[in-house]
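A structural walkthrough
Read off the chains here:
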Amino acid sequence: MKRRHLLQLGAAAALNPWAQMRALAQTAPAAGGYRALVCVFLFGGNDGNNLLVPNDARYASYQRARPKLALDKATLLPLSLSNASGLALHPAFTGLSGLINRGQASVVANVGPLLQPTTLAQYNANSVPLPSNLFSHSDQQGAWQSGVPEGPARNGWGGRLLERAVAEGQANRGYAAISLSGGNIWEAGDKSLTPYRVSSAGRFGFDFYDPNAKAGSDPLSAAVAATLAETRAHPFEQTWLNLMGRSLEAQRVLSGALASSSVGTVFPDTELGRQLGMAAKLIAARGVLGLSRQCFFTSIGGFDTHGDDQLQRQAENFAEIDAAVTAFNTAMGALGLADSVTLFTASDFGRTFASNGSGTDHAWGNHHLVVGGAARGVNGGKLLGRMPELALGGPDDVGDGVWLPSTATDQLGAELARWFGADATTLAAVWPHASGFDRLAGWA
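Rules used in this analysis
- Residues numbered from 1 in each chain as written.
- Predicted model: local features only at pLDDT ≥ 70, side-chain atom pairs only at ≥ 80, totals over all residues.
- Heavy atoms only, no water.
- Buried < 20%, exposed > 50% of the residue type's maximum accessible area, 1.4 Å probe, protein only.
- Helix = DSSP H or I, 4+ residues; strand = E, 2+ residues; numbered from the N terminus.
- Pairing = 2+ DSSP bridges.
- 1 Å grid on protein atoms, 1.4 Å probe; cavity = no way out; pocket = protein on both sides within 12 Å on 5 of 7 lines; lining within 4 Å.
- Points joined across faces, edges and corners; volume = space filled by probe spheres on them.
- Nonpolar A, V, L, I, M, F, W, Y, C, P; charged D, E, K, R; others polar.
- Contact = heavy atoms within 4.5 Å.
- Phe/Tyr/Trp six-rings, centres within 6.5 Å; stacked < 30°, edge-to-face > 60°.
- Lys NZ or Arg CZ within 6 Å of the ring centre and 35° of its normal.
- Salt bridge = Lys/Arg side-chain N within 4 Å of Asp/Glu carboxyl O.
- Axes fitted to C-alpha atoms, helices over the stretch in contact; angles between N-to-C directions.
- Parallel < 35°, antiparallel > 145°, perpendicular 65-115°, else oblique.
- Left-handed = near helix turned anticlockwise from the far one by under 90°.

1. A short note on the pairing of strand S1 (residues 35–42)
The element S1 is largely enclosed, with a buried count of seven among its eight residues. Here eight bridges tie S1 to strand S8 (residues 293–300), and the two strands are oriented parallel to one another. When the sheet's bridge partners are listed, leucine 42 is paired in S8 with isoleucine 300. Here seven bridges tie S1 to strand S9 (residues 341–347), and the two strands are oriented parallel to one another. Bridged to leucine 37 within S9 is threonine 342.

See below:
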């Protein structure tokens, strides 16, 4: 086998961030129990106005504002919230509505990036600082994931949280931040942590490789092993060989850890289903990694619905989310981790209450879901935050049905960080503006 062919075959694996792994150590989780946060990012800006819908007298205002997009009232899934009434979920959320009604999940209303508490009068007078480049996809994705909305996102609040929750030098520290959906800002630390990217299929590119194979029985594996054992004078070539060697060894050990991971729940064969299924397997293998704190990033796209058939596209996406998240919640329960893992949704921004015809445009405040862990017990089955008044030109509308957030991402994120175990010093570093806001309304 020519070296050139080997280089071509191994290029993808060499770029795999798992190559940075060190040998796994068998250690016990730290005291205080296991905690994990799972972000499901809805790329494109989900229309939360059709996620959480009034099914009381407010429905008439909702229907008037979006004549072609209003959901049939008879199809809505009523919510039995302990602190609010007259609200329902999109009809695709058959599983999630049940979780909310059983106190295993909650809804967060009208949440979005802010720098300080802001009224409509202050917004109109431009008398308070506002997040940079509102309504821009990339900037607002960065604002949600970084928690620092006044400028370019350099690292994320999940990464900053992990930097302080998992001590430097701890074995397998790099596994604290795992992405099942490519690169992201949310898990990027402000010190040394970078998220590892894992395929949702659990494959790493060199599954055929056996480091102990003999040339006669497995010439390809033997050729790889011989090449990796060479010493090169050129620093780039030697670095590449070192990187490949570590990657292949890490792959071998990780594959063994996943093979010993038992998850009996069947996940849907969708992109998000595969991502959350792999997250569940990695969580089940947590004992091998010896970590008591982890963050997982997953995502689903297709929410930028300006002129598309929003009703159809959103129904399909919501059905995928519902099936995948419900399966994940079931898996966590089967692992005895229902109170230890919290899943939450996030998105670029909301979309206008007023329809532009068959779709909606970029907006600001949005409605989201929190499932498991932090959204159980006293926090389960609740409306967290405050619903906007569903009126064009009303007290929450900055124009065209763009809701001024009544809850800041800092408020939601700070509560999740506290549940994760963050103290006051950590909170100040993770959410630098949170001290300027009250605690999240409805949170215990």
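The discussion continues.
2. Observations concerning the layout of surface pockets
The volume enclosed by the second largest pocket comes to roughly 230 Å³. In this structure, the second largest pocket is lined by 15 residues; those nearest its centre are Leu114, Pro117, Thr118, Pro405 and Ser406. For the lining of the second largest pocket, the class distribution of residues is seven nonpolar, five polar and three charged.

3. As for the sheet that holds strand S3 (residues 77–78)
The strand order across the open sheet built from three strands is S2-S4-S3, with neighbouring strands paired in antiparallel fashion. A single partner strand is all that each edge strand has here, and the edge strands are strand S2 (52–54) and S3. Bridge count for S3 against strand S4 (residues 87–89) is two bridges, and the pairing is antiparallel. Paired with proline 78 across the strands is alanine 88, a residue of S4.

4. Here's the deal with the environment of threonine 426
Relative to the elements of secondary structure, threonine 426 occurs in helix H13 (residues 424–430). For threonine 426, a relative accessible area of 12% puts it in the buried group. When the C-alpha atoms of threonine 426 and arginine 164 are compared, they prove to be 6.7 Å apart, with 262 residues separating the residues in sequence. Setting aside residues no more than four positions away along its own chain, threonine 426 makes contact with Leu161 and Arg164.

5. Overview of the packing of aromatic side chains
Within this structure, the stated rule accounts for 13 aromatic pairs. Consider the rings of tyrosine 59 and tyrosine 62, whose centres lie 5.4 Å apart with planes at 50°: the pair is tilted. Remark: tyrosine 62 and tyrosine 59 occur in helix H2 (residues 59–65); sequence separation between them is three residues, near one turn of the helix. Exposure remark for tyrosine 59: the relative accessible area of 8% places this residue in the buried category. Clustering of aromatic rings is evident, with ring pairs tying together Trp157, Trp186, Phe344 and Trp431. Its end group placed over the ring of tyrosine 34, arginine 286 keeps NZ or CZ at 5.6 Å from the ring centre. The ring centre of phenylalanine 420 lies 5.7 Å from the NZ or CZ of arginine 293, which sits over that ring.

6. Side note on the pairing of strand S10 (residues 366–372)
Side-chain direction in a regular strand flips from residue to residue, so the side chains alternate between the two faces of the sheet. The buried fraction of S10 is high, at seven of seven residues. Where strand S5 (residues 105–112) and S10 come together, five bridges link them in antiparallel fashion. Looking across to S10, one finds that serine 106 is bridged to valine 370. Inspection of the sheet shows S9 paired to S10 by three bridges, in the antiparallel sense. Across the sheet, the residue bridging to leucine 343 is valine 371, located in S10.

7. A short note on the pattern of salt bridges
On inspection of all chains with the given rule, the structure shows 13 salt bridges. Of the charged contacts in the structure, one is a salt bridge between aspartate 190 and arginine 164, with a shortest N-O distance of 2.7 Å. A residue pair is termed long-range when its members are at least 10 positions apart, and aspartate 190 in the loop between strand S6 (177–179) and strand S7 (196–197) and arginine 164 in helix H6 (residues 157–165) qualify at 26 residues. Given a relative accessible area of 32%, aspartate 190 falls into the partly exposed group. Salt bridges linked by common partners bring Glu230, Arg232 and Glu237 together as one network.

8. Focus: the packing of H6 against helix H12 (residues 409–420)
Here H6 crosses H12 at 25°, and the two axes come no closer than 11 Å. It follows from the interaxial angle that H6 and H12 lie roughly parallel. Read as a crossing pair, H6 and H12 show a hand that is right-handed. Contacts between H6 and H12 pair Trp157, Leu161, Leu162 and Ala165 from the former with Gly413, Leu416, Ala417 and Phe420 from the latter. Within the contact of H6 with H12, the residues separate by chemical class into seven nonpolar, one polar and no charged.

9. Comments concerning the packing of helix H9 (residues 271–284) against helix H11 (residues 310–334)
Where H9 contacts H11, the two axes come as close as 8 Å, and the packing angle between them is 15°. Classified by the angle between their axes, H9 and H11 sit roughly parallel to one another. Two packed elements cross with a definite hand, and for H9 against H11 that hand is right-handed. For the pair formed by H9 and H11, the contact residues are Glu271, Leu272, Gly273, Leu276, Ala279, Ala280 and Ile283 on the first element and Glu320, Ile321, Ala324, Val325, Phe328, Ala331 and Met332 on the second.

10. Considering the environment of leucine 416
Within the fold, leucine 416 resides in helix H12. The spatial distance from the C-alpha of leucine 416 to the C-alpha of alanine 375 is 9.5 Å, given a sequence separation of 41 residues. Not counting residues within four places of it along the chain, the set of residues in contact with leucine 416 comprises Leu37, Trp157, Thr342, Phe344, Val370, Ala374 and Trp443.

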